[in-house]
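Each chain, letter by letter, is given below.
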Amino acid sequence: MRTFVLLLTLTLGGCTQSHLDIYPDLEDESLMTHKLTVAQMRTDVDALLVGAIQRHPNIEEYADLDTLRNYANELKASINAPMTRVEFYRVVGKLTPYFQDGHALLIWPYQELNKALAAGSKTFPFEVKRTKTGSLELRNAYRTGDTVIPQFSEIKSINGIPTSVILENLVQYSSGETRLLREHSAVIRFDTALWAVYGFLDEFTVEFSSDKELKKVTINRQSNWPEVDDTAQEFVPSHFEEPYYYRQLSNDVGFIYLAHFDIEPDEFKRFIDATFSTIRKQSIKHLIIDVRDNSGGNTDTVIYLSRHLADKPFRVISKLKEKLNKDNRGWFNYKGDEGEILTSDWDDWEKPIAENRRFKGDTYLLIGPVTYSASIVLATTLKDNGFATLVGETTGGFTNQSAQGNLFNLPHSQLRAYIATRMLVRPNGDLTRQGVIPHYNVNEFDYSSLGQSIVDDSYQFTLGKHNDKSLHLIRLLLNENYQETVRN
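Conventions adopted
Residues numbered from 1 in each chain as written. Predicted model: local features only at pLDDT ≥ 70, side-chain atom pairs only at ≥ 80, totals over all residues. Heavy atoms only, no water. Core = buried A, V, L, I, M, F, W, Y, C linked by side-chain atoms within 4.5 Å. Buried < 20%, exposed > 50% of the residue type's maximum accessible area, 1.4 Å probe, protein only. Helix = DSSP H or I, 4+ residues; strand = E, 2+ residues; numbered from the N terminus. Contact = heavy atoms within 4.5 Å. Polar contact = N/O pair within 3.5 Å; in protein donor to acceptor, adjacent residues only side chain to side chain. Axes fitted to C-alpha atoms, helices over the stretch in contact; angles between N-to-C directions. Parallel < 35°, antiparallel > 145°, perpendicular 65-115°, else oblique. Nonpolar A, V, L, I, M, F, W, Y, C, P; charged D, E, K, R; others polar. Pairing = 2+ DSSP bridges. Phe/Tyr/Trp six-rings, centres within 6.5 Å; stacked < 30°, edge-to-face > 60°. Lys NZ or Arg CZ within 6 Å of the ring centre and 35° of its normal.

A.B. asks: So, the nonpolar core: which residues are in play, and what are the values?
C.D. replies: Judged by nonpolar contacts, the single largest core of 66 residues is most densely connected at Leu48, Phe88, Phe124, Phe126, Ile158 and Phe190. With six residues, helix 8 (residues 190–198) is the largest single contributor of residues to this core. Not counting the four nearest positions on each side in its chain, Phe126 is found in contact with Leu138, Tyr142, Ile149, Val206, Phe208, Ile219 and Pro226. Counting residues in each nonpolar core, the second largest holds 44 residues, with Ile272, Val316, Ile376 and Leu424 among its members.

Spelled out as structure tokens, the structure:
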């Protein structure tokens, strides 16, 4: 099961205060079964709204405040009977997308889910992805009993509910600047979201479509729980169980996959040091780094990776804006008053790694709609400093983004909210509000005209049976064939 990495990992510094602790335990576990009163829940809706406005450094640019307030009032009016925390989350959690920021959300009641998992329950077992048309398909091939479910099968329904309806409901609880990013966010944590919104655990009836054939499978945790069938699929980057790995794709092409940056810095350093040592031994000339599935993490990891690719000193951002609140004003409130906004140039310049350890070949960074948070910092760092060629699709999140989440509990339910307190400006200082645009967008190329007629193809690295367009495009770039596929 894929571990969901929140689009909210702490960025550019931090400490261990409670307002930076994402998943603390409940002080009173009876809250998991206790029913909240109508008055308590309405107070908590107000607390979420006020808490977000007090903390977010640029809330007016992200959210429509009138719409946000009006919807909060609608939610309060809809509360007319006592509820458990899980039931209340399914009401108040709908405020999340109205913040229109991947770093501003109400976290699902994870304590209840953790308790269920500790007792042996299981969430939805299939890893899924959103297709271009908005449907859901399997990332992997699976085996359940004697049944093999092919890779990339489309999921038509779960427990009798069409997946189009399910995705539409899950998006109502997802964070993100754009609708596309919110859809992908829901899919990244699909198993958790299914539980939070529908309560689905342990038993699932899933209808699949593969090669125009419909197949329905009922599974339960006692008997026929599915497992990935590695023998029934070929190499596709995100299908590996490891959250990060290195692989040689051809004689002089290396490939690094990074599912997230939520990795302990020393562990990541060991991985990067070992990887680049291997790259040198293999005489790799072209390095592909894939962050298309990467929704963020610790920026220290981004900096360390960038140092191996840099040929000059660099910054990962150019400016920082921070809004002060009662939690982040510093010891004895030395930073300033609540509500004050501090703006400063970012003067931390990073140095390239020692020359004998540095990668001196061509670097290609794969990005896409899910690329977010710390991985956007990586993308803008490499692009603005000329350290890599970006290939893929424009990111769903913006180049200049919010960061450094401040966490607080709603007073009665103790549901936990995450609200960004900082704004980051990309290294080149461009303030345009847009996603990271790749140098080569895969949607601007037509591969059908090329067929199998590439002559003198020196880069026949495995692409997998679903034809990864970004890897295919890099293959064409390396062979200097890409001009033949440019759309008119």
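A.B. asks: Before we move on, could you go through helix 10 (residues 299–309) and cite the residues and values that matter?
C.D. replies: Most of helix 10 is tucked away, with nine of its 11 residues classed as buried. Of all the positions in helix 10, only Thr299, Thr301, Val302, Ile303, Tyr304, Leu305, Ser306, His308 and Leu309 are classed as buried. Of the surrounding secondary structure, the elements contacted by the buried residues of helix 10 are strand 12 (253–258), helix 9 (265–281), strand 13 (286–290), strand 16 (362–367) and helix 11 (374–384). Put simply, Asn298 is the residue that caps the front of helix 10, since its side-chain oxygen is 2.8 Å from the backbone nitrogen of Asp300.

A.B. asks: Any details on the packing of helix 6 (residues 163–171) against helix 8? Residues and values, ideally.
C.D. replies: Interhelical geometry of helix 6 versus helix 8 gives an angle of 80 degrees and a closest axis separation of 10 Å. Taken together, the axes of helix 6 and helix 8 are roughly perpendicular relative to one another. Along the contact surface, helix 6 presents Val165, Ile166, Asn169 and Leu170, while helix 8 presents Phe190, Ala193, Leu194, Val197 and Tyr198. Tallied by class, residues from the contact of helix 6 with helix 8 come to eight nonpolar, one polar and no charged.

A.B. asks: I'd like a rundown of the sheet that holds strand 10 (residues 227–228), residues and numbers included.
C.D. replies: The strand order 5-4-10 describes an open sheet built from three strands, whose pairing is antiparallel. Two strands in the sheet have a free side with no partner beyond their single neighbour: strand 5 (147–149) and strand 10. The pairing of strand 4 (residues 142–144) with strand 10 spans two bridges and is classified as antiparallel. Within strand 10, the position partnered with Arg143 by the bridge is Glu227.

A.B. asks: How would you summarise the packing of aromatic side chains if you had to cite specific residues and measurements?
C.D. replies: This model, assessed by the stated rule, comprises 18 aromatic pairs. One aromatic cluster is present, formed by Phe124, Phe126, Tyr142, Phe190, Tyr198, Phe200, Phe204, Phe208 and Trp225 through successive ring pairs. Over the ring of Tyr62 we find Arg433; its NZ or CZ atom is 4.8 Å from the centre of that ring.

A.B. asks: Describe the sheet that holds strand 20 (residues 440–441), with residues and values.
C.D. replies: Strands sit in the order 11-12-13-16-17-20 across an open sheet of six strands; the sheet is mixed. Edge positions in the sheet fall to strand 11 (244–250) and strand 20, since each has one partner strand and no second. Sheet topology places strand 12 next to strand 13; five bridges connect them, and they run parallel. Bridging across to strand 13, Tyr257 finds its partner in Asp290. The strands touched by helix 11 are strand 16 and strand 17 (389–392); relative to strand 16, the strand with the most contacts, the crossing angle is about 145 degrees.

Nothing here speaks to function; it is all geometry.
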